[in-house]
Amino acid sequence: MKAFFDAIVLLLVLRGVVYLLFPGWIQRFIAENIVNLPLNRMKLFGIFQLAIALTIYIYISKHLGG
């Protein structure tokens, strides 16, 4: 079960990093072709996903003995 939650956290972190840190042309490609979001919303969504990932990771480490 812990491995499943770790995989979810990793997915959220990777997607958050993509939305937050990648160059504008990659962000534009993702925004136009995958999620149809403007760049500023995509960066905000990236920060939100990183925060969710951190929250899930802290919960997992405290309650599942990570």
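Going along each chain's sequence as written, the residues are numbered from 1 onward. The model is predicted, so local features are restricted to residues of pLDDT at least 70 and side-chain atom pairs to those at 80 or more, both for listing and for counting; the totals for chains, interfaces and linings are taken over all residues. Side-chain numbers here rest on the full set of heavy atoms in the structure, without hydrogens or water.

Comments concerning the overall build of the chain
No. 1: The number of helices and strands found in the chain is three helices and zero strands.
No. 2: Helical segments are the DSSP runs of H or I of at least four residues, strand segments are the runs of E of at least two, and each set is numbered from the N terminus. Ordered by position in the sequence, the α and β elements of the chain form the string α-α-α.
No. 3: Residue exposure (1.4 Å probe, protein chains only): buried if accessible area is under 20% of the type maximum, exposed if over 50%, otherwise partly exposed. Across the 66 residues in the chain, those meeting the buried criterion constitute 18%.
No. 4: Expressed as a percentage of contacts within the chain between residues at least 6 apart in sequence, the contacts between residues at least 24 apart total 58%.
No. 5: Surface exposure of the chain reaches about 4,800 Å², of which carbon and sulfur atoms provide 71%. Residue contacts are defined here by distance: any two heavy atoms, one from each residue, within 4.5 Å place the two residues in contact. Residue-level accessible areas treat just the shown protein chains as cover; the underlying method is Shrake-Rupley with a 1.4 Å probe.

Thoughts on the side chain of Gln 49
No. 1: Inspection of the secondary structure assignment puts Gln 49 in helix α3 (residues 39-63).
No. 2: When near neighbours in sequence (up to four residues on either side) are disregarded, Gln 49 contacts Leu 12, Arg 15, Gly 16 and Tyr 19.

As for a nonpolar patch on the surface
No. 1: Residues enter patches when their relative accessible area tops 30% and they take part in no salt bridge; the joining distance is 9 Å for like charges and 5 Å for the nonpolar side chains Val, Leu, Ile, Met, Phe, Trp and Tyr. The salt bridge criterion pairs a side-chain nitrogen of Lys or Arg with a carboxyl oxygen of Asp or Glu, the two atoms within 4 Å. Where nonpolar side chains cluster on the molecular surface, the patch consists of Met 1, Phe 4 and Leu 64 and spans about 360 Å² of accessible area.
No. 2: Within the secondary structure layout, Met 1 lies in the segment before α1 (2-21).

What to know about α1
No. 1: Along its 20 residues, α1 runs 28 Å from first to last C-alpha, staying within 8% of the 28 Å computed at 1.5 Å per residue.
No. 2: Those residues of α1 lying buried are Val 9, Leu 12, Gly 16 and Tyr 19. Down the axis of α1, the smallest arc covering the buried residues is 95 degrees, so these residues share one side. Facing away from the buried surface of α1 by more than 90 degrees, the exposed residues are Ala 3, Leu 11, Leu 14 and Leu 21. The span one expects for a helix is its residue count, reduced by one, times 1.5 Å. Note that the arc is computed from the directions linking the helix axis to the C-beta atoms.

Describing the packing of α1 against α3
No. 1: Contact geometry for α1 and α3: axes closest at 7 Å, N-to-C directions at 155 degrees. Taken together, the axes of α1 and α3 lie roughly antiparallel to each other. In the crossing of α1 with α3, the sense of the turn from one axis to the other is left-handed. From α1, Lys 2, Phe 5, Asp 6, Ile 8, Val 9, Leu 12, Val 13, Arg 15, Gly 16, Val 17, Tyr 19 and Leu 20 reach across to α3, where they touch Met 42, Lys 43, Phe 45, Gly 46, Ile 47, Gln 49, Leu 50, Ile 52, Ala 53, Ile 56, Tyr 57 and Ile 60. To define axes, lines are fitted to C-alpha atoms, for helices over the stretch in contact only, and angles between the resulting N-to-C directions are given on a 0 to 180 degree scale. Angle categories: roughly parallel below 35 degrees, roughly antiparallel above 145, roughly perpendicular from 65 to 115, and oblique for all the rest. A clockwise turn of the near helix away from the far one marks a right-handed crossing, whereas an anticlockwise turn of less than a right angle marks a left-handed crossing.

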